[in-house]
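# Residue-level structure breakdown
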Amino acid sequence: MAPPSPDRPALGGSAAPAAPPSPGTLSATDVDTDADQEVGDETPPDDTQPEWREAPVAREQHGLRLDKVLVALAPEFSRSWLQQLIDRGHVQVDGQVQTTASRKLRAGQQLQVALVPTAESQAFRPEAMALAIVHEDAHLLVVDKPVGLVVHPAPGHWQGTLLNGLLAHHPGAAALPRAGIVHRLDKDTSGLMVVAKTLPAMTALVRLIAARDVKRVYLALAHGHIRWDSDRIDAPIGRDPVSRLRMAVVATGKPAQTDVERLAWWSGADGDGRQGASALRCRLHTGRTHQIRVHLASRGHPLVADGLYGGRPLLGLARQALHAAELAFAHPADGRPMAFAAPLPADLAQAWATVVPG
């Protein structure tokens, strides 16, 4: 028997107000990422005043999944975004909340959806926060990022990031790709970052990084006794073929070079019986994701407390022992040399004093 014919027009035929911005609106500016979109002016409505849309299920939509019919009702949104609305209880069929995206609908049923912005769609908003600013002028600022601060919004961290803080710090950030961020630090890596405040400065800084004309030096503690005084690790880095959460030294990876200098060695034993820890000064020549962490782990010396790459807690550290200590570059506006240094944060300083006494 054919499904009943509804009395109203099919879904998707009416005009709709502007939608909340999606999180993919930043431009594709090629920036260097140490972890590794234009921020719009539109502000999505808050959860208390969502836009409602409703329409009957059309004859030709009889038997289709709920999420597929929603795409016809709100075609400017992604299916995955609409599925989130279903999961959050913002979709009704015949006045009853539905939370199953795969539910099959019947022609004539009345469908309603509250277009409430997801956390992801609201990620690029200003949030006032205390930024440890080492230097600031009309073109750029240098910040000392604390441990635990995520640089850019990502799944699980849609608010409270450095990008959110930059949007609140100066109005020009909203007009820049990634709010002026040209390189990143991992959440649990502390230290110096340079951020552009104008598009010309951002373009110049990206070019300086690509040309390897930005000096970036890190201090690190690694497991074991590193026996060389200094060495360059030149090994390509790409996604780990076994775990998508990790990077690895792989033949098909991108070129990566790290200069490693041993400063001191501590002969104590860690909990796994491995001997000691080495204090290191590492200089990046490239900026691959997790570069220092991957390069040292590939040599059998993972960073202290870097659980992702085989490190273990030691010397009171519960996060990877890595700090961006020095940053130097030519100022993008006038070419004058700029150089900055950031002291070790308290947790790493205490561990460092054990390995490098005095």
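Counting restarts for each chain, with residues numbered from 1 along the sequence as it is written. Local features in this predicted model are restricted to residues whose pLDDT is 70 or higher, and side-chain atom pairs enter the listing and the counts only when it is 80 or higher, whereas totals over whole chains, interfaces and linings include all residues. Hydrogens and water are ignored here; the side-chain numbers use all heavy atoms of the structure.

## A closer look at the overall build of the protein chain
Labels follow the DSSP assignment, with helices taken as runs of H or I lasting at least four residues and strands as runs of E lasting at least two, numbered in each case from the N terminus. Counting its regular elements, the protein chain contains six helices and 15 strands. Computed with the Shrake-Rupley method and a 1.4 Å probe, the accessible areas treat only the protein chains shown as cover for residues. Looking at the protein chain as shown, the accessible area adds up to about 16300 Å², and 51% of this sits on carbon and sulfur atoms.

## Describing the sheet that holds strand S2 (residues 91-93)
DSSP calls a pair of strands paired once it identifies at least 2 bridges connecting them. Taken in spatial order, the four strands line up as S1-S4-S2-S3 in an open sheet, and their pairing is antiparallel. Looking along the sheet, the strands with just one partner apiece sit at the ends: strand S1 (51-56) and strand S3 (96-97). Where S2 and strand S4 (residues 110-115) come together, three bridges link them in antiparallel fashion. Residue pairing across strands places Gln92 opposite Gln112, the latter belonging to S4. Helix H1 (residues 66-73) contacts S1, S2 and S4 of the sheet and is inclined by roughly 70° relative to S4. By definition in these notes, contact holds between two residues if any of their heavy atoms fall within 4.5 Å. Axis lines are fitted through C-alpha atoms, for helices just across the contact stretch, and the angle between N-to-C directions can take any value from 0 to 180 degrees.

## Structural notes on the nonpolar core
Within the largest apolar cluster, 34 residues are counted, with the highest numbers of intra-cluster contacts made by Leu162, Leu166, Tyr218 and Leu296. When contributions to this core are tallied by element, the ones reaching two or more residues are strand S6 (140-145), helix H3 (162-169), strand S7 (190-196), strand S8 (215-223), strand S13 (275-284), helix H5 (291-298) and strand S14 (322-330). Here this core gets four residues from one element, more than from any other, and that element is H3. Nonpolar cores are built from buried Ala, Val, Leu, Ile, Met, Phe, Trp, Tyr and Cys residues. Side-chain atoms within 4.5 Å join them into one set. Remark: exposure states derive from per-residue accessible area (1.4 Å probe, protein chains only) relative to the maximum for the residue type, with buried under 20%, exposed over 50%, and partly exposed in between. The next biggest cluster of nonpolar side chains, apart from the first, holds 21 residues, and it includes Trp81, Leu85, Val93 and Leu111.

## Some details on the side chain of His331
With respect to the helices and strands, the residue His331 is situated in the loop between S14 and strand S15 (337-341). If we skip the residues at most four places from it in the chain, His331 touches Asp137, His139, Leu140, Arg336 and Met338.

## With respect to the environment of Arg88
If you trace the backbone, Arg88 turns up in the loop between helix H2 (79-87) and S2. A relative accessible area of 36% places Arg88 in the partly exposed class. C-alpha of Arg88 to C-alpha of Gln98: the two residues are 10 residues apart in sequence and 9.3 Å apart in space.

## Things to note about the confidence of the model for the protein chain
Values of pLDDT, the confidence the predictor places in each residue, fall between 0 and 100. Confidence in the prediction of the protein chain, expressed as mean pLDDT, is 85, and 83% of residues score 70 or more. Here residues 1-48 is a poorly scored stretch, pLDDT under 50, and it has 122 contacts once near neighbours within four places are set aside; other chains count.

## Things to note about unusual backbone geometry
With phi around 70°, Ala305 is a residue other than glycine that occupies positive phi space. On the accessibility criterion, Ala305 (11% relative accessible area) is buried. Even without being glycine, Leu315 reaches a positive phi, approximately 55°. Considering the arrangement of structural elements, one finds Leu315 in the loop between H5 and S14. Of the residues examined, Leu315 reaches a relative accessible area of 22% and is grouped as partly exposed.

## A few points about the packing of H1 against H2
H2 packs onto H1 with a crossing angle of 115° between their chain directions and a minimal axis gap of 9 Å. In this structure, H1 crosses over H2, and the sense of that crossing is right-handed. Taken together, the residues of H2 that come into contact with H1 (itself represented by Leu66, Asp67, Lys68, Leu70 and Val71) are Arg79, Leu82, Gln83 and Ile86. Taken together, the residues of the contact of H1 with H2 sort by class into five nonpolar, one polar and three charged. The sense of a crossing depends on the near helix, which, turned anticlockwise from the far helix by less than a right angle, makes the crossing left-handed and, turned clockwise, makes it right-handed. Polar here means any residue other than Ala, Val, Leu, Ile, Met, Phe, Trp, Tyr, Cys and Pro, which are nonpolar, and Asp, Glu, Lys and Arg, which are charged; Gly is therefore polar.

## Comments concerning the pattern of salt bridges
Every case where a carboxyl oxygen of Asp or Glu lies within 4 Å of a side-chain nitrogen of Lys or Arg is listed as a salt bridge. On inspection of all chains with the given rule, the structure shows 15 salt bridges. One salt bridge connects Asp240 with Arg246, and the closest N-O pair in it is separated by 3.2 Å. A relative accessible area of 26% places Arg246 in the partly exposed class. In this structure, a network of salt bridges that share partners links the residues Arg65, Asp67 and Arg79.

## Some points on helix H4 (residues 199-210)
For a helix, the expected span equals 1.5 Å multiplied by the residue count minus one. With 12 residues, H4 extends 16 Å from end C-alpha to end C-alpha; this agrees with the ideal 16 Å at 1.5 Å per step. Buried within H4 are the following residues: Ala201, Met202, Leu205, Val206, Leu208 and Ile209. Angular distribution of buried residues about the axis of H4 spans 160°; they occupy a single face of the element. Opposite the packed face of H4, turned more than 90 degrees from it, sit the exposed residues Pro200, Arg207 and Ala210. Among the structural elements, S7, S8 and S14 are those in contact with the buried residues of H4. The directions considered for the arc are those from the helix axis to the C-beta atoms.

## Brief notes about the pairing of S15
Of the two faces of S15, the one holding Met338 and Phe340 is buried and the one holding Pro337, Ala339 and Ala341 is not buried anywhere. Relative to S15, S14 is paired through five bridges, and the arrangement is antiparallel. By the bridge assignment, Glu326 is partnered in S15 with Ala341. Hairpin connection, S14 to S15: the antiparallel pair is bridged by six residues, and Gly335 has positive phi, about 80°.

## As for the packing of aromatic side chains
Geometry of aromatic contacts follows a simple scheme: Phe, Tyr and Trp rings, the Trp one being its six-membered ring, pair when their centres are within 6.5 Å, and the pair is stacked under 30 degrees between planes, edge-to-face over 60, tilted otherwise. A full pass over the atoms with the stated rule returns two aromatic pairs. Judged by centre distance (4.2 Å) and plane angle (20°), the rings of Phe77 and Trp81 are stacked. Neither residue differs from the other here; Phe77 and Trp81 are each classed as buried. Considering the side-chain rings of Phe329 and Phe340, the 6.1 Å spacing of their centres and the 35° angle between planes classify their relative orientation as tilted. Linking Phe329 in strand S14 with Phe340 in strand S15, this pair joins segments that are 11 residues apart in sequence. On the accessibility criterion, Phe329 (4% relative accessible area) is buried. Above the face of the Trp228 ring, Arg299 is positioned so that its terminal group lies 5.3 Å from the ring centre. By the criterion adopted, a ring carries a charge over it if an Arg CZ or a Lys NZ lies within 6 Å of its centre and within 35 degrees of its normal.

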